[in-house]
Amino acid sequence: IDRLGDLPPGWAAEKKVTEAEVEAASRDWLRRFPAAATPTATAPANQGYVMVPGFGQLHWLGDPGSGTVVIHNPGSAAEMVARPGTLAIDLPGHGLSAGFDTAPTLYALIDVLEMALAALLTTTPTRIEGPAGLAPLATRLGAAFAPSAPTAPTWPDLNPDRYGSHLTRVWGMARAEVPFAPWDAPCAANARAFEPAEFDAFRLHRRALAALRARHVPEMIALLG
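Rules behind the numbers
Residues numbered from 1 in each chain as written. Predicted model: local features only at pLDDT ≥ 70, side-chain atom pairs only at ≥ 80, totals over all residues. Heavy atoms only, no water. pLDDT = per-residue confidence, 0-100. Helix = DSSP H or I, 4+ residues; strand = E, 2+ residues; numbered from the N terminus. Buried < 20%, exposed > 50% of the residue type's maximum accessible area, 1.4 Å probe, protein only. Contact = heavy atoms within 4.5 Å. Pairing = 2+ DSSP bridges. Arc of directions from axis to C-beta.

## A word on the confidence of the model for the protein chain
Low pLDDT means the predicted coordinates in that region are not meant to be read closely. On average, residues of the protein chain score 92 in pLDDT, and 98% of them are at 70 or above. Across the protein chain, the secondary-structure element scoring lowest on mean pLDDT is helix α6 (residues 217-224), at 91, and the one scoring highest is strand β4 (residues 87-89), at 97.

Right, here's the structure in full:
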């Protein structure tokens, strides 16, 4: 500090010995500038997080008062299946949800989802849509079950490499999922009807990002497929 020389206008340098002194000086400086009136930030009503004891947070989108719960396939995310009048949840280790430290068992996964829904829902669910392996969850909650068709019967290697080839693979999967089911068997017999908006570049980017974020996907496919 002694060697700083002349400082620009509005600048000052002071010697502080401890972190507590630095913090006190910083607070004193901030108090010289009263905050302007600003609106209080509030969380959006149609998305948020629910805390599951012993696990962590699960991210949700939609309406907690809806009777329809939608859970995406492994490797995807809630934002890819959310629609008006439903509640969509990110599976553990997917989207913005916390994850398991190791690959979960089916009933560990169902336990987490059941606790999350019990804390989140404001009405009794009447319908659960999701991978076939989630049928026991619907049974526990007394809801009808509507299995979704699997979208990734196999999973590409998305481990990052120095040449970025994992990015090419995930983008190719995101595109191939639109016209074909399964995505990795592109042929006339596996063609599916789709809307042109499904090829929107922003949507494909979100789908690719959801895949890159997801963890334990091969294990999840085996559990829920």
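## Structural notes on the side chain of R207
Relative to the elements of secondary structure, R207 occurs in helix α5 (residues 201-213). By relative accessible area, which is 3% here, R207 ends up buried. Dropping the residues within four chain positions of it, R207 is found in contact with G75, S76, M80, W155, M173, A174 and E177.

## A look at the pairing of strand β3 (residues 68-71)
Every regular strand shows the same layout, with side chains that alternate between the two sheet faces. Neither face of β3 is open: one carries T68 and V70, the other V69 and I71, and all of them are buried. When β3 meets strand β5 (residues 127-130), the two strands line up parallel, connected through three bridges. Along β5, the bridge assignment pairs V69 with I128. In terms of strand pairing, β3 meets β4 through three bridges, oriented parallel.

## Considering α6
Among the residues of α6, those classed as buried are V217, M220, I221 and L224. With its buried residues spanning 100° around the axis, α6 presents them on a single face. Buried residues along α6 sit against α2 (106-120).

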